[in-house]
Amino acid sequence: GGLSSTTLNIVNKAISPDGFSRDSVLANGTHPGPLISGLKGDTFQINVNNQLHDNSMNTSTTVHWHGIDQHHTNWADGPAFVTQCPIIPDNTFLYNFTAPGQAGTFWYHSHESVQYCDGLRGPLVIYDPDDPHKDLYDVDDADTTIISLSDWYHSPAHELLPGPIPPNTTLINSLGRPDGSNLSITVIEVDPTKRYRFRLISMSCHPYFDFSIDGHNMTIIEADGSSTDPLSDIDQIRIYPAQRYSFVVRISTPGDYWIRAAPLQLGNTSNPDTTTSLGLAILRYTNQTGSAQVPSVDPYDSSQTPIPVNPLLEQNLHAYGDVPDLDEECDDCKLILDFAFNFTAVDFTVNGTSYVNPTVPVLLQILNGSYTAQELLPHHSVYTLPRNQTIEISMPGLVTGGPHPIHLHGHSFYVIQSMGSDTTNTVNPVLRDTVAVGGATGDNVVIRFRTDNPGPWIMHCHIDFHLALGFAIVLAEAPEDVAEYVAPIPTWDELCPIWDKAPSHN
Ligand code: C2O
């Protein structure tokens, strides 16, 4: 493979994507950050320079490459205090990884505290020259086809804790239009003679979005960096924080159409908020006679809002190609995770324990010889898993503040049972890395994956405010094999320069 090398300067900068100016944390001064892209099989070398100084937001940082499995490179995964210490101001950290076999739509974001809500997030795409769905689309260029959805707040994110606080604005490709005022919005120009592969990325910290394009159906071909069997005639995608979809749009009648991202909020889970923070952009056909204009439909008038007839249901998505045998069972391979909100402590718990960062990153604890869940910190938040087994994780029930987008690092997983579905599928389930859980009483969500990637992997709710309230665990996968599997590895001083001397390592 080739080499994709990038430098990300992490800076504070005042921006006003919705007309309100506030300081933020950005990669290379833009929101979202620059596209990082490569071809399947490439090596990624990304130099992260921390140039932060604004103490109203974290001045230390790390970056996570969401959806990249990090085989042999667990140390480059990014979550602070799981695989490395935070990068402190004026320091640099080189992330260096390959993603053999992976292609699709990914993203990167800060994995320190709630910092990505303050702006440190951007797209990462791995293009596959032999994409199996290549013949379904004509255009997949970086300038046109990446659509990112972000929630945006007028205060630093940590001031919003514990929340929930509705976002001020929904940004589509970082432009928004709050409260109906006529600010700039994103216009995506398309050639009506071509078929487009759009790559939809939710970079949300909190709400999920009902995404649609007026007058257009979508054929879904990818979920979270894995190809799916094409699923056509979808007119609405409910996308949870951190999820991605690729879809192909068939051309309709030339015109100007609203692209909508209606945020769904806590306490208002059945009705999208279509009045104050509806995300809007315009799909515009080129080569039209007459000048382009804002669509004639009033996007804030619910009587003019198209009603979806065929919204995406996760259980209708199927992984493209061969699915391994998922029915193999083993004794230590079933985990049940009970998620709850503790109203007294104001935190989230997993099986009764709220996650707090250890002072020594879990990876370094493992390299130092701690292998069992009893030895590894944080206590009761680390689960050790055996190597080369099919693991099943069940996540039952209704959870306060849900649904919750649960993300596992280091693996994509098969969704055997989706939220709201009472059937299980081990034959051709969807393969993804973030799944919605905890929507209703009696709901059970079940995932399976194979432990082929030794290392400590955090699993957490991707509502960033919930992660900050302890909604996480670490799966320590085959800890005794980590030293051999994760190699070569930077020195302790490179992974944790904030220590003068790390305790008891040599
Ligand atoms: Cu998007 Cu812990 O990750």
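Residues numbered from 1 in each chain as written. Predicted model: local features only at pLDDT ≥ 70, side-chain atom pairs only at ≥ 80, totals over all residues.

Draft legend 1. The arrangement of the overall build of the protein in detail. Scanning the protein for helices and strands turns up 5 helices and 31 strands. For the protein, whose C-alpha radius of gyration is 22 Å, the value lies close to the compact-globule estimate of 23 Å for 506 residues. C-alpha extents for the protein along the principal axes are approximately 70 × 50 × 50 Å. Within the span of the protein, comprising 506 residues, buried residues form 50% of the whole. The long-range share in the protein, meaning contacts at least 24 apart out of those at least 6 apart in sequence, stands at 77%. (Helix = DSSP H or I, 4+ residues; strand = E, 2+ residues; numbered from the N terminus. Rg over C-alpha atoms; globule rule 2.2 N^0.38 Å. Buried ≥ 20, exposed ≤ 12 C-beta atoms within 10 Å, placed from the backbone. Contact = placed C-beta atoms within 7 Å.)

Draft legend 2. Seen up close, unusual backbone geometry. Looking along the chain, the bond that leaves Leu 377 and enters Pro 378 is cis, with omega of 0°. For Pro 378, the location among the structural elements is in the loop between α2 (362-367) and β23 (382-385). Ala 487 connects to Pro 488 through a cis peptide bond whose omega is -5°. As for its position among the elements, Pro 488 is in the loop between α4 (482-485) and α5 (492-495).

Draft legend 3. Inspection of the UniProt feature "domain: Plastocyanin-like" (unreviewed entry) in the protein at higher detail. As recorded in UniProt, the feature "domain: Plastocyanin-like" (unreviewed entry) lies at residues 12-130, 144-287 and 355-480. Secondary structure across residues 12-130 divides into 0% helix and 39% strand, with the first and last C-alpha atoms of the span separated by 40 Å. Measuring from the first to the last C-alpha atom of residues 355-480 gives 23 Å, for a span that is 9% helix and 37% strand. (UniProt positions renumbered as here; feature names shortened; annotations may be inferred.)

Draft legend 4. Region of the structure containing the nonpolar core. One finds Leu 200, Ile 220, Ile 239, Phe 247, Ile 447 and Val 474 to be the most contacted residues of the largest nonpolar core, which totals 137 residues. When near neighbours in sequence (up to four residues on either side) are disregarded, Leu 200 contacts Ile 147, Phe 211, Ile 237, Ile 239, Arg 244, Tyr 245 and Phe 247. (Core = buried A, V, L, I, M, F, W, Y, C linked by C-beta atoms within 7 Å.)

Draft legend 5. Structural context of the domain arrangement of the protein. In terms of domains, the protein is made up of domain 1 (1-130), domain 2 (133-312) and domain 3 (331-495). Opposite the 20 residues of domain 1 that make contact, domain 3 presents 23 residues. Class assignment of the residues belonging to the side of domain 1 that touches domain 3 gives a composition of 9 nonpolar, 9 polar and 2 charged. (Domains from an automatic or database assignment. Nonpolar A, V, L, I, M, F, W, Y, C, P; charged D, E, K, R; others polar.)

Draft legend 6. Local environment of the pairing of strand β2 (residues 22-27). Here 6 bridges tie strand β1 (residues 3-15) to β2, and the two strands are oriented antiparallel to one another. Residue pairing for β2: Ile 10 is matched across the bridge by Ala 27. The antiparallel hairpin formed by β1 and β2 contains 6 residues in its connecting segment, where Gly 19 sits at a positive phi of about 95°. (Pairing = 2+ DSSP bridges.)

Draft legend 7. Just the sheet that holds strand β4 (residues 43-50), in detail. Read across the open sheet, the 4 strands follow the order β2-β1-β4-β6; overall the sheet is mixed. Looking at which strands have only one partner, the edges of the open sheet turn out to be β2 and β6 (92-98). Ignoring which end each strand starts from, the neighbouring axes of this sheet average 15° apart. (Axes fitted to C-alpha atoms, helices over the stretch in contact; angles between N-to-C directions.)

Draft legend 8. Focus on the sheet that holds strand β31 (residues 472-477). Spatially, 5 strands are ordered β23-β31-β30-β25-β28 in an open sheet, and the strand pairing comes out mixed. A single partner strand is all that each edge strand has here, and the edge strands are β23 and β28 (434-437). Mean inter-strand twist for the sheet, computed between neighbouring axes without regard to direction, equals 25°. Judged from the 4 bridges that link them, strand β25 (residues 404-408) and β28 form a sheet pairing that is antiparallel. The partner of His 407 across the bridge, within β28, is Thr 434.

Draft legend 9. Representation of the environment of Asn 316. You can see Asn 316 is positioned in the loop between β19 (279-285) and β20 (334-336). Considered as a pair, Asn 316 and Ile 498 are 182 residues apart in the sequence and their alpha carbons are 48 Å apart.

Draft legend 10. Examining the pairing of strand β29 (residues 444-450) more closely. With 5 of 7 residues buried, β29 is to be regarded as a mostly interior element. Note: strand β26 (residues 413-417) against β29, 3 bridges, orientation antiparallel. Within the sheet, the bridge partner assigned to Val 415 lies in β29 and is Ile 447.

Draft legend 11. The environment of Asn 96, seen in detail. Inspection of the secondary structure assignment puts Asn 96 in strand β6. Asn 96 gets classed as partly exposed once you count the C-beta atoms within 10 Å, which come to 16. In this structure, the C-alpha to C-alpha distance between Asn 96 and Ser 5, residues 91 residues apart in sequence, is 9.1 Å. Those residues in contact with Asn 96 that lie beyond four places of it in its chain are Gln 45 and Ala 76.

Draft legend 12. Looking closely at the confidence of the model for the protein. When pLDDT is averaged across the protein, the result is 92; 94% of the residues are at 70 or more. Contacts of residues 501-506 to residues separated by more than four positions or lying in other chains number 7 contacts, the stretch itself having pLDDT below 50. We note a pTM of 0.96 for the whole complex and an ipTM of 1.00 for its interfaces. (pLDDT = per-residue confidence, 0-100.)

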